[in-house]
Amino acid sequence: MSEKKFTTDSGIEINELYTGQTNNEMPGEWPFTRGIQKDMYRGKLWTMRQYAGFSTAAESNKRYKYLLANGTTGLSVAFDLPTQIGYDSDHAMSEGEVGKVGVAIDSLRDVETLFQDISLEKITTSMTINATASTLLGFYIALAKKQGADIKKISGTIQNDILKEYAARGTYIYPPKPSMRIITDIFEYCSKEVPKWNTISISGYHIREAGSTAVQEIAFTLANAKSYLKAAIDKGLDIDVFGQRLSFFFNAHNNFFEEIAKFRAARRMWAKIAKDMGATNSKAMMLRFHTQTGGATLQAQQPENNIVRVTLQAMAAVLGGTQSLHTNGFDEALSLPTEAAARTALRTQQIIAFESGVIDTVDPLGGSFFIEELTDEIENEAWKYIEKIDAMGGSVIAIEQGYMQKEIAESSYRYQMDIEKIEKVIVGVNKFTLEDEVSPPLFRVDDSIRLEQIEKLRQLKTERNNEKVESILSHLKQSAVDGSNVMPLIIDAAENYVTLGEIADTFRDVFGEYKG
């Protein structure tokens, strides 16, 4: 027996050998440990998404068409920082950031360009947007209506998870309570008018990117999900209806077996949480999730090694039963992904799907003594965190008290110290390094994009009916004050080319801004 102690990245000790009972649950049946469908990928492959968006809407539209032509089955939109935090491109706070980490969206006109020649009825679209999620959804619905689509048939997802922004990411605008109110307005509106839309993607991804362990990732994500459920129930919504439109977004890291077990544990835990909170419809208890490979695991040194990391992470997501998947480009530690890197990332998914054979049976690692016990241990450790958060009064209070932030920061520090001490080996970084490295071609966005966006905004404001804009904004402000559902007015604003910044400023006037 070796004296060395082996652990997962969450600190769970790994035995030299596992024996014992296996899991006799069936896939497609509560509590869904083994998957939410009986036939899983035999019946339908996961949706292959590639997260893309940069520069202007016209440039991003070209990339979307390129990805669709190469086999992407769903679009996933990245927005620039000004869009994420409610500033138009001409705002002083937007300088230096327009179009850099995603596409710049100032109004419906940009969204029209973004999806030019792409039918919203024929694709699913995921939008990574939180503080301004209601506005971007409003733009999307307005465009669907303009295309002549039946909005009851359009499908996709808005991330719309503001709690993890306070805990880990930072692109919030308003304080937690009004932010939660807007989110439940979206739940209520979509349950009636856009029933196929996933109204929230409760995200562990950014919690993990901030440095959490796998256990913390699912614990904090599910604790946040409980808060969203409670807020919706308090608003009078039926958990069996809106619960079917909730989805989750997880990270896939390098610790292969821990990641697989994490996904299985999260599914089982959510089934229990939803049932305990009153769900009786099995579809409202199913944890459906999107996975993105770990951005924080990508290394600037020897970037071609990232192709191997992404492959391992993508395989873990598939073996863990993901419903959709984005694979990162190998050059993303250095810049936005080039077309070649995006194509290689997509081909990684396609090779797993069509050449590896892992899709031929459901939950192929189910019954592994190691996987089953590790699933149990991750679940047990995650429940401990959730019980602490429940004792505090829920996620909102835990975040306001800084509990989640502190736990994530400490975990991140420990992980980095392990790398510094070479107790955790990162190939090409702290071991197996090269003296002379050649950097691959990089993709850069020019600062002139902001001038182009500013000119488009100037032109838009001369062409629209500004009296009607003022009237709509006045009604939107009144709705924010009196507590009525803001979504119909946001859509009306979108259709009349009110800008994203104007809508956000209206809410700022009523709700104020949150200072973390």
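In this report, we go over the structure that sits alongside the text. (Residues numbered from 1 in each chain as written. Predicted model: local features only at pLDDT ≥ 70, side-chain atom pairs only at ≥ 80, totals over all residues. Heavy atoms only, no water.)

Looking now at the overall build of the chain. Counting its secondary structure elements, the chain contains 19 helices and nine strands. Overall, the chain is about 80 × 60 × 45 Å in size when its C-alpha atoms are taken along their principal axes. Considering the chain as a whole, with its 516 residues, one finds that 58% of them fall into the buried category. Once local pairs closer than 6 in sequence are excluded, the contacts in the chain between residues at least 24 apart make up 78%. (Helix = DSSP H or I, 4+ residues; strand = E, 2+ residues; numbered from the N terminus. Buried < 20%, exposed > 50% of the residue type's maximum accessible area, 1.4 Å probe, protein only. Contact = heavy atoms within 4.5 Å.)

The next thing to look at is the pairing of strand 3 (residues 124–128). Of all five residues in strand 3, four are buried, a share of seventy percent or more. Both strand 2 (residues 74–78) and strand 3 contribute to a ladder of four bridges, which runs parallel. Counterpart to V77 in the pairing with strand 3 is M127. Crossover strand 3 to strand 4 (residues 155–158) through helix 4 (residues 133–146) is right-handed. (Pairing = 2+ DSSP bridges. Right-handed = clockwise from strand over helix to strand, strands pointing away.)

The biggest cluster of nonpolar side chains holds 140 residues, and the ones touching the most others in it are F115, W270 and F507. Apart from residues lying up to four places away in sequence, W270 is in contact with L222, A225, K226, L229, L246, F248, A284, M285, M286 and L287. V98, L336, V445 and I449 belong to the second largest nonpolar core, which has six residues in total. (Core = buried A, V, L, I, M, F, W, Y, C linked by side-chain atoms within 4.5 Å.)

It is worth spelling out helix 12 (residues 339–355) at this point. Along its 17 residues, helix 12 runs 23 Å from first to last C-alpha, staying within 8% of the 24 Å computed at 1.5 Å per residue. Those residues of helix 12 lying buried are A341, A342, A345, L346, T348, Q349, Q350, I352 and A353. Looking at the buried residues of helix 12, the elements they touch are strand 1 (47–52), helix 1 (57–69), helix 11 (305–319) and strand 9 (324–326). Two residues or fewer after helix 12 comes G357, characterised by a positive phi angle close to 85°. (Expected span 1.5 Å × (residues − 1).)

Turning next to the side chain of R309. The residue R309 is located in helix 11 in this model. Salt bridges are absent for the buried R309, whose nearest opposite-charge side chain, E304, sits at 8.6 Å. The residues touching R309, leaving out its near neighbours within four places in the chain, are N254, T297, Q299, I426 and V427. (Lys, Arg positive; Asp, Glu negative; His and termini not counted. Salt bridge = Lys/Arg side-chain N within 4 Å of Asp/Glu carboxyl O.)

Here the focus is a negative patch on the surface. A surface patch of like charges, here negative, comprises E304, E435, D436 and E437. By secondary structure assignment, the location of E437 is in the loop between helix 15 (403–420) and helix 16 (448–463). Owing to a relative accessible area of 35%, E437 belongs among the partly exposed residues under this scheme. (Patch = residues over 30% accessible without salt bridge, like charges linked within 9 Å, V, L, I, M, F, W, Y side chains within 5 Å. Areas by Shrake-Rupley, 256 points an atom, 1.4 Å probe, with all protein chains shown as cover. Charge placed at Lys NZ, Arg CZ, Asp CG, Glu CD.)

What follows is about a nonpolar patch on the surface. On the surface, I422, V425, V427 and F432 cluster together to form a nonpolar patch covering roughly 350 Å² of accessible area. Looking at the secondary structure, you find V425 in the loop between helix 15 and helix 16.

Along the chain, the position of Q349 falls in helix 12. In terms of polar contacts, Q349 uses its side chain to reach the side chain of Q50, at 3.1 Å. Ignoring anything within four residues of it in the chain, the contact list for Q349 reads W46, T47, M48, R49, Q50, L325, H326 and T327. (Polar contact = N/O pair within 3.5 Å; in protein donor to acceptor, adjacent residues only side chain to side chain.)

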